[in-house]
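# Survey of secondary and tertiary structure
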Amino acid sequence: MNDDRHNVLVKELSADYKGDTLMSPDAIAGMLDDIFRMSRLAEEHLYLVALSTKGHPLGVFEVSHGSVDASVFNPREIFIRLLLCGASMFVIAHNHPSGDTHPSKEDFAATRKLKECADMMGIPMIDHIIIGNSFYSFNVNDAL
C-alpha cells in the first residue's frame, strides 16, 4: 500500500540479514518491513522468524495470509517449521492493514495460546509484533 493506504503493485525487495542478530522488536520489525513491506500490505499476513541461540535468523516463513482484518493460524504450522530448521527460539509478527497497531482481544488470545505451546515444546517465543504505522511488541515474557 502507498502512503495514502491505496493498493499498488511493487517489486519485492531482498536484503541479507543472515549475520545480523535479531533480538529486539525494532530490529525484527525493521527487517520484516524492509523485506516484506509489512506496513504497506493490504491484507493481514503472519510471519515466523526462526532464530538460533545467538539470535541469528535461520528462516523467515509466511505462515498465514488472511483478509483485511484477520489472519488465521494453527500452532502446528509454526512448530513444524521451527523443528525442521532447528530453531532455538522464535518471534511471530503480523500486520494490521489499517495502520493501527493496538492488539485486539483475538491477538492477545492467539499470543497466549502460542506462548503456552512454545513453553510446552521448549522453544521460547521471544515476541509477537504487530506492524502498521509503527509497531507494537507484546514482549511476551513480561506482558503475558
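Presented here is a report on the structure given in the accompanying data block. None of the values given here were measured: they were computed from a predicted structure. (Residues numbered from 1 in each chain as written. Predicted model: local features only at pLDDT ≥ 70, side-chain atom pairs only at ≥ 80, totals over all residues. Heavy atoms only, no water.)

### Description of the sheet that holds strand β3 (residues 89-95)
Strand pairing within a sheet occurs via backbone hydrogen bonds; the two strands may be parallel or antiparallel. Here we have five strands laid out as an open sheet, ordered β2-β1-β3-β4-β5, and mixed in their pairing. Lying at the two open borders of the sheet, with one neighbouring strand each, are β2 (57-65) and β5 (135-137). On average, each strand axis in the sheet is inclined to that of its neighbour by 20 degrees, with strand direction left out of account. Across six bridges, the pairing between strand β1 (residues 45-51) and β3 is antiparallel. Across the sheet, residue V49 finds its bridge partner in β3, namely V91. Across the face of the sheet, helix α1 (residues 25-36) comes into contact with β1, β2, β3, β4 (125-131) and β5 while running at roughly 50 degrees to β4. Here helix α2 (residues 75-85) sits on the sheet and contacts β1, β2 and β3; the angle it forms with β2, its principal contact strand, is near 160 degrees. (Pairing = 2+ DSSP bridges. Helix = DSSP H or I, 4+ residues; strand = E, 2+ residues; numbered from the N terminus. Axes fitted to C-alpha atoms, helices over the stretch in contact; angles between N-to-C directions. Contact = heavy atoms within 4.5 Å.)

### Observations regarding α1
Given a rise of 1.5 Å per residue, twelve residues ought to cover 16 Å, and the 16 Å separating the end C-alpha atoms of α1 matches this to within 8%. Those residues of α1 that are buried are in contact with β1, β2, β3, β4 and β5. Count one or two residues on from α1 and you reach R37, which has phi positive near 50 degrees. (Expected span 1.5 Å × (residues − 1).)

### Section: the environment of S134
Positionally, S134 belongs in the loop between β4 and β5. Counting along the chain gives 35 residues from S134 to G99, while the straight-line C-alpha distance between them is 7.5 Å.

### Considering α2
Within α2, the full set of buried residues consists of P75, I78, F79 and L82. For α2, the angular spread of the buried residues around the axis is 90 degrees, confining them to a single face. Seen from the buried face of α2, the exposed residues on the opposite side, beyond 90 degrees, are R76 and L84. Tucked inside the fold, the buried residues of α2 contact β1, β2, β3 and α3 (105-121). Two or three places before R76, at the start of α2, stands the capping residue N74, its side-chain oxygen 2.9 Å from that residue's backbone nitrogen. Phi turns positive one or two residues past the end of α2, at G86, with a value near 70 degrees. (Buried < 20%, exposed > 50% of the residue type's maximum accessible area, 1.4 Å probe, protein only. Arc of directions from axis to C-beta. Polar contact = N/O pair within 3.5 Å; in protein donor to acceptor, adjacent residues only side chain to side chain.)

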